[in-house]
Amino acid sequence: MKVENTKQQMRKGILEFCILSVLKDRDLYASEILERLKEARLLVVEGTLYPLLTRLKNADLLQYRWEESSSGPPRKYYTLTEEGTQFLEELKSTWEELQHAINKVTQS
Amino acid sequence: MKKTININLAGFVFYIDEDAYEALQKYLNNIRTYLGNTEGKDEIIDDIESRIAELFSEKQKQVITLTEVNEVIEVMGQPEDYMSEEEPEEKKSYQQSSKRLYRDPDSTVLGGVCSGVGHYLNIDAVWIRLIFLAMVWSGVSILFYFILWAIIPKAETTAQKLEMKGKAATFSNIEDYVRKGYENVKDDFKNVDLKGAGEKAKQGASGFSAFLGELISKLFSALSKLLSFIANILGKLLGVIILITTVALIIALTVSFIIGSFIDINIGNDLLVLPGFEFIGPDWGGPFHPIWYHISMILTFGIPAFSLLLFALQLLFKNMGRLSGSIKIGLLAVWMISLVSFIILSLTQF
């Protein structure tokens, strides 16, 4: 068992939660989402994001609109749907529970 | 000096080197293959393309070279790095392989030979069984049955059962098979990069000899593939011809034995008695009894016929078992004995 694999698995599990979280306050387009995630060192390769975005969109948690940009072709801006917001709330409470549990387990 | 290509990537226009273009094309094709038929595949590809375009434009270069492409691929990652665990369900559609001859263990009378052959030919097993029964008359098909039982493998796993019942060996499938083989070979010839070799040749004599070597080795590998493809087709063709000939031969032998027996009975000559009924006769036994003549005749003609049949089956179906060496030697010995006794018996009888 490689530690790299396990780390990757951990990151992947929470990636959907993180994508929804960064979209909570503000609509972003893919590169901005990438920027935020990479800042937090959550992503190793950028390609990971795109299948996830499409999946979240197909699950009606996200939707997008096209917006003109000054520096090139129009961009896809993603925004949370009603369902997405609810989904995020649930994930958040689960995350808090998990965090609490993990702290308890690892610190005792 | 290098040739560049003008591409439009998600609305951005780039000049890109030829080799860089090929690398990018290959990368995108990889992703496409990797996604298989995932939902929203085209959308994912579009998104990835527009991200790549953005990364290129950030570099602010006149011409995109292989270096930039490799950098971008590094940032984006290889498809297997980021998609393998996204979709845990089996994405690859079950590739239906061609049909294979197996014995069917689920519907057997004896060894499942007839039902297996029935599956293969898409005929109800009853008809195959009837043919076998009709041939039992001469004693040939019993031997035939046991040989088939020995060399046709039993379908044990689910995959094998699927293969057994799979696509019928119809003409369109055969055409498919031939076309696929042809395209493989054609691609190989395409990959023999004549133009590239020519250009490299201009660059210098030392490069030229290396390229000549590579070109020749590529040509040879393509040629050898072509030859094995042709050999494969010829082998199958030969197999079919031998199979048809042998089956016709066996049927002819069977029929002639049956008719011969009847005629002999009708003329009152008991040289050949109706096979199967000799046992009832009062004079059973004795070295020169007609039944020995009959048996030696069947074996003398039957064993070569079955060897041919076996050969044909092995040509046609790759999964056929082989007779072990001792069985082969045994069959050869039996054949020689029956040949000798057939000749002796013929001489003494006439």
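Described below are features of the structure shown in this document.

So, how was this worked out
- Residues numbered from 1 in each chain as written.
- Chains lettered and ligands numbered in written order.
- Predicted model: local features only at pLDDT ≥ 70, side-chain atom pairs only at ≥ 80, totals over all residues.
- Heavy atoms only, no water.
- Helix = DSSP H or I, 4+ residues; strand = E, 2+ residues; numbered from the N terminus.
- Buried < 20%, exposed > 50% of the residue type's maximum accessible area, 1.4 Å probe, protein only.
- Contact = heavy atoms within 4.5 Å.
- Buried area = accessible area lost by both parts, 1.4 Å probe.
- Salt bridge = Lys/Arg side-chain N within 4 Å of Asp/Glu carboxyl O.
- Polar contact = N/O pair within 3.5 Å; in protein donor to acceptor, adjacent residues only side chain to side chain.
- Nonpolar A, V, L, I, M, F, W, Y, C, P; charged D, E, K, R; others polar.
- Pairing = 2+ DSSP bridges.
- Axes fitted to C-alpha atoms, helices over the stretch in contact; angles between N-to-C directions.
- Parallel < 35°, antiparallel > 145°, perpendicular 65-115°, else oblique.
- Left-handed = near helix turned anticlockwise from the far one by under 90°.

1. Quick look at unusual backbone geometry
Residue and element names in this part refer to chain A.
Part 1 of the reasoning: In this structure, Arg41 takes a positive phi of about 55 degrees despite not being glycine.
Part 2 of the reasoning: Relative to the elements of secondary structure, Arg41 occurs in the loop between helix H2 (30-39) and helix H3 (49-58).
Part 3 of the reasoning: You can call Arg41 exposed: its relative accessible area is 70%.

2. A word on the interface of chain A and chain B
Part 1 of the reasoning: Tallying the contact residues gives 26 residues for chain A and 22 residues for chain B.
Part 2 of the reasoning: Both faces considered, chain A and chain B share a buried interface measuring about 1900 Å² in area, 48% of it formed by carbon and sulfur atoms.
Part 3 of the reasoning: Between Arg51(B) and Glu46(A) there is a salt bridge; the shortest N-O distance is 2.6 Å.
Part 4 of the reasoning: At the boundary of chain A and chain B, one finds 10 residue pairs in polar contact (both at pLDDT 80 or more).
Part 5 of the reasoning: Elements with a minimum of two residues in the side of chain A that touches chain B: helix H1 (3-22), H2, H3 and strand S3 (72-80) of chain A.
Part 6 of the reasoning: Broken down by element, the side of chain A that touches chain B gets its largest block of residues, 7 residues, from H3(A).
Part 7 of the reasoning: In terms of residue class, the side of chain A that touches chain B is built from 10 nonpolar, 9 polar and 7 charged.

3. Remarks on the sheet that holds S3(A)
Strand pairing in a sheet takes place through backbone hydrogen bonds and is either antiparallel or parallel in direction.
All names here are of chain A.
Part 1 of the reasoning: Taken together, 3 strands build an open sheet; the order of strands is S1-S3-S2 and the sheet is antiparallel. One side of each edge strand has no neighbouring strand; the edge strands of this open sheet are strand S1 (28-29) and strand S2 (62-69).
Part 2 of the reasoning: Bridge count between S1 and S3: 2 bridges; the pairing is antiparallel. Residue Tyr29 lies in a different strand from S3, and its bridge partner there is Tyr77.

4. A word on the sheet that holds strand S3 (residues 63-64) of chain B
Residue and element names in this part refer to chain B.
Part 1 of the reasoning: Taken in spatial order, the 3 strands line up as S1-S2-S3 in an open sheet, and their pairing is mixed. On the outer flanks of this sheet lie strand S1 (4-9) and S3, each paired with one strand and no other.
Part 2 of the reasoning: Here strand S2 (residues 12-17) runs beside S3; their pairing, made up of 2 bridges, is parallel. Bridging across to S3, Ile16 finds its partner in Ile64.
Part 3 of the reasoning: Lying over the sheet, helix H1 (residues 18-35) contacts S1, S2 and S3, oriented at roughly 115 degrees with respect to S2.
Part 4 of the reasoning: Relative to S2, helix H2 (residues 41-59) is tilted by about 70 degrees, and along the sheet it contacts S1, S2 and S3.

5. Points about the packing of H3(A) against H2(B)
Part 1 of the reasoning: Viewed as axis vectors pointing N to C, H3(A) and H2(B) meet at an angle of 135 degrees, and their least axial separation amounts to 9 Å. Regarding the angle of H3(A) to H2(B), the classification is oblique. Where H3(A) crosses over H2(B), the handedness of that crossing is right-handed. Across the interface between the two elements, Tyr50(A), Pro51(A), Thr54(A) and Lys57(A) from H3(A) touch Glu43(B), Ile44(B), Asp47(B), Ile48(B) and Arg51(B) from H2(B).
Part 2 of the reasoning: Residues belonging to the contact of H3(A) with H2(B) are distributed by class as follows: 4 nonpolar, 1 polar and 4 charged.

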